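# Remarks on the overall topology
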Amino acid sequence: MANHLSESVHERTFQYQSSLPPLPVPSLESSLSKYLDAVRPFASEKEFEATVEIVRKFQEGIGKELHQKLLQRAKTRRNWLEEWWLDTAYLEVRIPSQLNVNFGGPGAYLEHCWPPEEGTYLQRASINTWHTLQYWNLLRMERLAPQKAGKTPLDMEQFRMLFSTCKVPGVKKDTIRNYFKTESEGPCPSHLVVMCRGRIFTFDALFNGTILTPPELLRQLSYVKERCEGQPEGDGVAALTSDERTRWAKAREHLISIDPHNKTILETIQSSLFVVSLDDTKPYSTPENYTNMTREALSGNPTIRWGDKSYNSTVFSDGTFGSNCDHAPYDAMVLVSMCWYLDQQIKATEGKWKGSDTVRKIPLPEELLFTLDEKVCSDINHAKQQYLESTRDLQIVCYAFTAFGKTAIKYKKLHPDTFVQLAMQLAYYRLHKKPGSCYETAMTRKFYHGRTETMRPCTQEAVNWCKAMIDPTCDVNARRKAMLLAFNKHNKLMSEAQEGNGFDRHLLGLYLIAKEEGLSTPELFIDPLYSRSGGGGNFVLSSSLVGYTTVLGAVAPMVPHGYGFFYRIRDDRIVISVTAWKSCHETDAASLFNNFSSSLHEMLHLATMSQL
């Protein structure tokens, strides 16, 4: 079957990398004026005046110097932000990353040929793994079509991070180890790691240079399952990856000091293509309610996933799937691209293997056994305990809104993503009686090694519209007018952010230069309005459009009183995952979802009235 979806005959995956433009530095003036605009909804008159004064001083004084230094930095780098972003957003962060930073999500196969079904999971896992290996091969051969926005090529660097990549903890700062190479660059690892009941196995996905077939993969997975069945749980060393970063770094150093063989095992896991997790749970889900699978993917058993691995593929014992990924090496769109490819391939083949059933004489999987002592065992128990406490605190709902989707919204000539974002704002406003600082991911992959920029959807225009919707004295015309102003503002900010003209990353750069030069933190960053409006990673609503496919994921909220809000938009429905912390009594994920559903109906009604 031709991989019409992703396979490219003419263009090589990474061919445009060298010709991508460098990441621009916006002008100081424009960034600061956008910043003032963004903090306006969160300030009283008096507070706003104070901030205007702080910004003016910054612009004429220290800000000007820092900006000049940033421009100097940008002269010598094609992406002035890349290294800084990796460090501040990911590698220097000390909180446990598995629950707080990683993203996880449910496989959508249950919507077509693989509904939950007992006794199918190893068979399905072997087919799913085979298709994943085909995708790895497309990347190795550079036959995966380079992605574009219209005709503009997008940066593909992050796709190198999908396979054979792992974060390694450090006492002060983690590092990323990437072992992937394209075929023209040379040989690279081709082994898989399989985790089951706290035990770890490995086998090569190639035999005599060819990828194992699904029947051969099934033989390997069945062997692992049989070895674990009826046996006591393994040591669960993988749970260490779920702990606080410095703690895990020290535990890892100790583990290596016990026996050099432990280091070899760690290297084997780090360099493996990806991890296949055989999970005993049955998180029953339906196309309308993915809650159980999403919860399991994001916060499931820590002894059968390697939290630092760029891709853990989980198969549940009811034949459904999930994934869990470290966020440091790449953004979710990489995984979405691959999972959409898998979904299409599995659908096209009806989830069956139509090739040969012959199983060659391939070596059996080998168990990776760590040498442990009492200290490591107590480290493992500590990690499990803190992980369990944190996961118990995480509330996740994942539902489909099925009344309408992209088709109806586009029929009203409105942008579907903006539609969802404004409905989310209104839902939050209704629930909490105030605007919530909000982050939406904007993609900057038009630029060399570009990743993301912050787009702040809680604009003054959006707040004015929310107020109009709640004010009983406000008529339909006024509400509609306010809604269209909010739409236009959102669309404008989003396209600016994608062109590298947001202001959040710019301000971060100025902050980091001050820090690197040993200067005291400029007043701008200490101003209460800076963090109240979301600055410094304090967004109450952390949101992202995952795309227009069947692939969805979830991430924990950024702050204790916040929400994670992730969604995918289909022609006839919108599927949303909402996360919140139970320990915060003001927030509730299910209430936000219910309010969001009502908001969508109201907005469509308002847009319909506008055509009369």
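This is a predicted model, so every value here is computed, not measured.

## A look at the overall build of the chain
Within the chain, the regular secondary structure consists of 19 helices and 19 strands. Taken along its principal axes, the extent of the C-alpha atoms in the chain is 75 × 60 × 50 Å. Here the chain holds 612 residues, and the buried ones make up 59% of them. A separation of at least 24 residues holds for 77% of the contacts in the chain among residues at least 6 apart in sequence. When the accessible surface of the chain is totalled, it reaches about 24,400 Å², and 53% of it is carbon and sulfur.

## Describing the packing of helix H14 (residues 416-432) against helix H15 (residues 460-470)
Running from N to C, H14 and H15 cross one another at 60°; their axes reach a closest spacing of 10 Å. With respect to each other, H14 and H15 are oriented oblique. For the pair H14 and H15, the sense of crossing is right-handed. Each of Leu 422, Gln 425, Leu 426, Tyr 429 and Arg 430 in H14 lies in contact with H15, whose residues at this interface are Ala 462, Val 463, Trp 465, Cys 466, Lys 467, Met 469 and Ile 470. The class makeup of the residues in the contact of H14 with H15 is nine nonpolar, one polar and two charged.

## Digging into the sheet that holds strand S13 (residues 366-367)
Within a beta sheet, neighbouring strands are joined by backbone hydrogen bonds and run either parallel or antiparallel to one another. Spatially, the seven strands line up as an open sheet ordered S1-S12-S11-S10-S6-S7-S13, and their pairing is mixed. Of all strands in the sheet, those bounded by a partner on one side alone are strand S1 (103-106) and S13.

## Some words on helix H10 (residues 291-299)
The element H10 is largely enclosed, with a buried count of seven among its nine residues. Three or more residues of H10 are buried, namely Thr 291, Met 293, Thr 294, Glu 296, Ala 297, Leu 298 and Ser 299.

## Some points on unusual backbone geometry
One non-glycine residue with positive phi stands out, namely Arg 197, at about 45°. With respect to the helices, strands and loops of the structure, Arg 197 is situated in the loop between strand S6 (191-196) and strand S7 (199-204). Judged by relative accessible area, which is 22%, Arg 197 ranks as partly exposed. At Asn 208, a residue that is not glycine, the phi angle is positive and equals roughly 50°. Here Asn 208 falls in the exposed class, since its relative accessible area comes to 68%.

## As for the packing of helix H4 (residues 82-91) against helix H17 (residues 504-516)
Axis separation between H4 and H17 bottoms out at 11 Å; the angle between their running directions is 85°. Classed by the angle they form, the pair H4 and H17 counts as roughly perpendicular. Contacts between H4 and H17 pair Trp 84, Trp 85 and Thr 88 from the former with Arg 505, Leu 508, Gly 509, Leu 512, Ile 513 and Glu 516 from the latter. Grouping the amino acids of the contact of H4 with H17 by side-chain chemistry returns five nonpolar, two polar and two charged.

## As for the environment of Val 55
By secondary structure assignment, the location of Val 55 is in helix H2 (residues 45-60). For Val 55, a relative accessible area of 3% translates into the label buried. Apart from the residues within four sequence positions on either side, Val 55 is in contact with Leu 32, Tyr 35, Leu 36 and Leu 524.

## So, the packing of aromatic side chains
The final tally for this structure, using the stated rule, is 24 aromatic pairs. On the basis of an interplanar angle of 65° and a centroid distance of 5.1 Å, the ring pair of Trp 130 and Trp 353 is categorised as edge-to-face. Of this pair, Trp 130 sits in helix H6 (residues 121-140) while Trp 353 sits in the loop between helix H11 (332-348) and S13, and the two are 223 residues apart along the sequence. Judged by its relative accessible area of 28%, Trp 353 falls in the partly exposed class. On the numbers, 5.0 Å between centres and 75° between planes, the contact of Phe 565 with Phe 596 is edge-to-face. You can see Phe 565 sitting in strand S18 (residues 563-569) and its partner Phe 596 sitting in helix H19 (residues 589-609), a full 31 residues away along the chain. Grouping residues by exposure puts Phe 565 and Phe 596 together as buried.

## Brief notes about the sheet that holds strand S17 (residues 541-547)
Taking strand neighbours across the sheet as the criterion, the six strands line up as S14-S19-S18-S17-S15-S16 in an open arrangement whose pairing is mixed. Only two strands of the sheet have a single partner each, and these edge strands are strand S14 (394-401) and strand S16 (452-455). Taken over all neighbouring pairs, the strand axes of this sheet differ in orientation by 20° on average, direction set aside. Of the strands in this sheet, S14 and strand S19 (574-581) touch H10, which is tilted by about 140° from S14.

## Considering the pairing of strand S5 (residues 175-178)
Two strands pair when backbone bridges link them, and strand S4 (residues 165-168) and S5 are joined in this way by four bridges, in the antiparallel orientation. Bridged to Val 168 within S5 is Thr 175. Turn length for the S4-S5 hairpin, with the two strands adjacent in sequence and antiparallel, is six residues.

## Thoughts on the pairing of S1
Taking every second residue as pointing to the same face, both faces of S1 are buried, with Phe 103 and Gly 105 on one and Gly 104 and Pro 106 on the other. The pairing of S1 with strand S12 (residues 321-325) spans four bridges and is classified as antiparallel. Within the sheet, the bridge partner assigned to Pro 106 lies in S12 and is Gly 322.

## A closer look at the pattern of salt bridges
Tallied over the entire structure, the rule returns 36 salt bridges. A salt bridge links Arg 360 to Glu 216, with the shortest nitrogen-to-oxygen separation between them at 2.7 Å. Placement of Arg 360 in the loop between H11 and S13 and of Glu 216 in helix H7 (residues 214-228) is noted, with a sequence separation of 144 residues between them. Note that Lys 406 and Asp 571 form a salt bridge whose closest N and O atoms lie 3.7 Å from each other. Here Asp 571 lies in the loop between S18 and S19 and Lys 406 lies in helix H13 (residues 406-411), a separation of 165 residues in the sequence.

## So, the environment of Arg 295
Position of Arg 295 among the secondary structure elements: in helix H10. Residue Arg 295 is classed as partly exposed on the basis of its relative accessible area of 34%. Distance from Arg 295 to Val 397, taken between C-alpha atoms, is 7.9 Å for residues 102 residues apart in sequence. Sequence-distant contacts of Arg 295, defined by excluding residues within four places in its chain, comprise Gly 300 and Ile 396.

## Observations concerning H6
Its 20 residues place the ends of H6 28 Å apart at the C-alpha level, agreeing with the 28 Å of an ideal helix rising 1.5 Å per residue. Of all the 20 residues making up H6, 18 are buried; the element is thus mostly covered by neighbouring parts of the structure. Backbone geometry just downstream of H6 places Glu 142 in the positive-phi region, at approximately 55°.

## Looking at the state of the cysteines
Applying the stated criterion across every chain yields a total of zero disulfides. As a non-bridged cysteine, Cys 458 has Cys 438 as the owner of its nearest cysteine sulfur, 7.0 Å distant. On the basis of relative accessible area, Cys 458 is assigned to the buried category, the value being 4%. Of the cysteine sulfurs around Cys 466, a residue in no disulfide, the closest is that of Cys 458, at 7.4 Å.

Definitions and cut-offs
Residues numbered from 1 in each chain as written. Predicted model: local features only at pLDDT ≥ 70, side-chain atom pairs only at ≥ 80, totals over all residues. Heavy atoms only, no water. Helix = DSSP H or I, 4+ residues; strand = E, 2+ residues; numbered from the N terminus. Buried < 20%, exposed > 50% of the residue type's maximum accessible area, 1.4 Å probe, protein only. Contact = heavy atoms within 4.5 Å. Areas by Shrake-Rupley, 256 points an atom, 1.4 Å probe, with all protein chains shown as cover. Axes fitted to C-alpha atoms, helices over the stretch in contact; angles between N-to-C directions. Parallel < 35°, antiparallel > 145°, perpendicular 65-115°, else oblique. Left-handed = near helix turned anticlockwise from the far one by under 90°. Nonpolar A, V, L, I, M, F, W, Y, C, P; charged D, E, K, R; others polar. Pairing = 2+ DSSP bridges. Phe/Tyr/Trp six-rings, centres within 6.5 Å; stacked < 30°, edge-to-face > 60°. Salt bridge = Lys/Arg side-chain N within 4 Å of Asp/Glu carboxyl O. Expected span 1.5 Å × (residues − 1). Disulfide = S-S within 2.5 Å.

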